[in-house]
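Coordinate analysis (summary)
As a plain string of letters, each chain reads:
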Amino acid sequence: EFRKDQIAEALKESFEFFESKATPYSVLVIDEMDKWLTPILKEQGFVLMENVEALVGNTKTSMTKSDFEVRQVQSREDIRIALSIDDSFEEHSERQFNEALESAVVRSDVGEEKWFLSYEKGKAVAMASLRLVSEPRHAYLSGATTKSAFRGHGHYTALLQKRLQIAFSVGTELAATHAVSDTSAPILKQFGFQPVGWLKVYADKRREKHEPEFLSR
């Protein structure tokens, strides 16, 4: 246990580190920490960007017909395309993007993470990834994003169904994920996912909206 001033000082050091690296950052606050951590973040100039839900569901679920082609990809170039769809990388330097790419390629090569692209009229416009975790055994659905001009077309659903099918085909029945409350979470609930917790995403108000960089536990 830390006192409030000690926590505030530790957070300040973390913020200064990310600032020195010119790296966008935000903080995820899990539900049981909200009452005491949120006031500290507000004192540091952070504002609430979005609410996120933690959800779990079954990989064996009824599927709907999709109008889009979804492919599992493994090549370095396809993974580069997948990462470039994520708008949050626009805030990162070329070096940071390449580091993220190298890490993603390694995870793909060793089978730790599977990557998927959804296509519209032959163009890759949405991406997502899947991790099959052995202990406890479950599928973690992550990294789903769609280019802004193609949102609302059904790509998130197409990518969700593809990943659930693959997880079920290898005997993994439980799926878990995090989703924004007012966008992807409602879609997941249509497929039987149930919320088991929530998080709040806080970001420095001086910065543009971006994806979270680390999780406060």
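Residues numbered from 1 in each chain as written. Predicted model: local features only at pLDDT ≥ 70, side-chain atom pairs only at ≥ 80, totals over all residues. Heavy atoms only, no water.

Some remarks on the overall build of the chain
The helix and strand tally for the chain stands at six helices and nine strands. Partitioning the intrachain contacts of the chain with sequence separation of at least 6 by distance along the chain shows that 75% fall at a separation of at least 24. (Helix = DSSP H or I, 4+ residues; strand = E, 2+ residues; numbered from the N terminus. Contact = heavy atoms within 4.5 Å.)

Thoughts on the pattern of salt bridges
Applying the stated criterion across every chain yields a total of eight salt bridges. Residues Glu99 and Arg95 are paired through a salt bridge, measuring 2.8 Å at the closest nitrogen-oxygen approach. Here Glu99 pairs with Arg95, and both are found in helix 4 (residues 94-109), just four residues apart, close to one helical turn. We classify Glu99 as partly exposed; its relative accessible area is 47%. One salt bridge in this structure joins Arg107 and Glu113, with 2.4 Å as the shortest N-O distance. Residue classification places Arg107 among the buried positions, given a relative accessible area of 17%. Each of Arg107, Glu112, Glu113 and Arg131 takes part in salt bridges that share partners, so that together they form one network. (Salt bridge = Lys/Arg side-chain N within 4 Å of Asp/Glu carboxyl O. Buried < 20%, exposed > 50% of the residue type's maximum accessible area, 1.4 Å probe, protein only.)

So, the environment of Glu120
With respect to the secondary-structure elements, Glu120 resides in strand 4 (residues 114-120). For the pair Glu120 and His155, spaced 35 residues apart in the sequence, the C-alpha separation amounts to 8.7 Å. The contacts of Glu120, once residues within four sequence positions are left out, are Phe68, Val125, Phe150, His153 and His155.

A few points about the pairing of strand 4
Burial within strand 4 is extensive, with six of its seven residues counted as buried. Here strand 3 (residues 69-73) pairs with strand 4 via five bridges, running antiparallel. Residue pairing in the sheet places Glu69 in a bridge with Tyr119 of strand 4. Sheet topology note: the strand 4/strand 5 (residues 123-134) ladder contains seven bridges and is antiparallel. Among the inter-strand pairings, Trp115 is bridged to a residue of strand 5, identified as Ser129. Taking the residues that link successive antiparallel strands as the turn, the strand 4-strand 5 hairpin has two residues, and the phi of Lys121 there is positive, at about 55°. (Pairing = 2+ DSSP bridges.)

So, the packing of helix 3 (residues 76-85) against helix 4
The interhelical angle for the contact between helix 3 and helix 4, taken along N-to-C directions, is 125°, at an axis separation of 10 Å. Viewed along their axes, helix 3 and helix 4 adopt a mutual orientation that is oblique. Between helix 3 and helix 4 the crossing geometry is right-handed. Residues Arg76, Ile79, Arg80, Leu83 and Ser84 of helix 3 lie in contact with helix 4, whose contacting residues are Phe97, Ala100, Leu101, Glu102, Ala104, Val105 and Ser108. (Axes fitted to C-alpha atoms, helices over the stretch in contact; angles between N-to-C directions. Parallel < 35°, antiparallel > 145°, perpendicular 65-115°, else oblique. Left-handed = near helix turned anticlockwise from the far one by under 90°.)

Notes on the nonpolar core
In globular proteins that are soluble, nonpolar side chains generally tend to be buried together. Residues Leu188 and Phe193 are the most contacted members of the largest nonpolar core, which totals 21 residues. Of all the secondary-structure elements, those providing two or more residues to this core are strand 5, strand 6 (137-146), helix 5 (155-169), strand 7 (174-180) and helix 6 (184-190). Element by element, the count of residues in this core is highest for helix 5, at seven residues. If near-sequence neighbours (up to four positions away) are discounted, Leu188 is found in contact with Leu55, Tyr156, Leu160, Thr177, Ala179 and Phe193. Formed by 14 residues, the second largest nonpolar core is a distinct cluster that contains Ala82, Leu83, Phe97 and Ala104. (Core = buried A, V, L, I, M, F, W, Y, C linked by side-chain atoms within 4.5 Å.)

Thoughts on the confidence of the model for the chain
Considering every residue of the chain, the mean pLDDT works out to 83; 82% of them sit at 70 or more. Per-element confidence in the chain is highest for strand 4, whose mean pLDDT is 96, and lowest for strand 9 (residues 214-215), whose mean pLDDT is 36. This model gives residues 208-217 a pLDDT under 50, and the stretch forms 33 contacts once residues within four places in sequence are excluded. (pLDDT = per-residue confidence, 0-100.)

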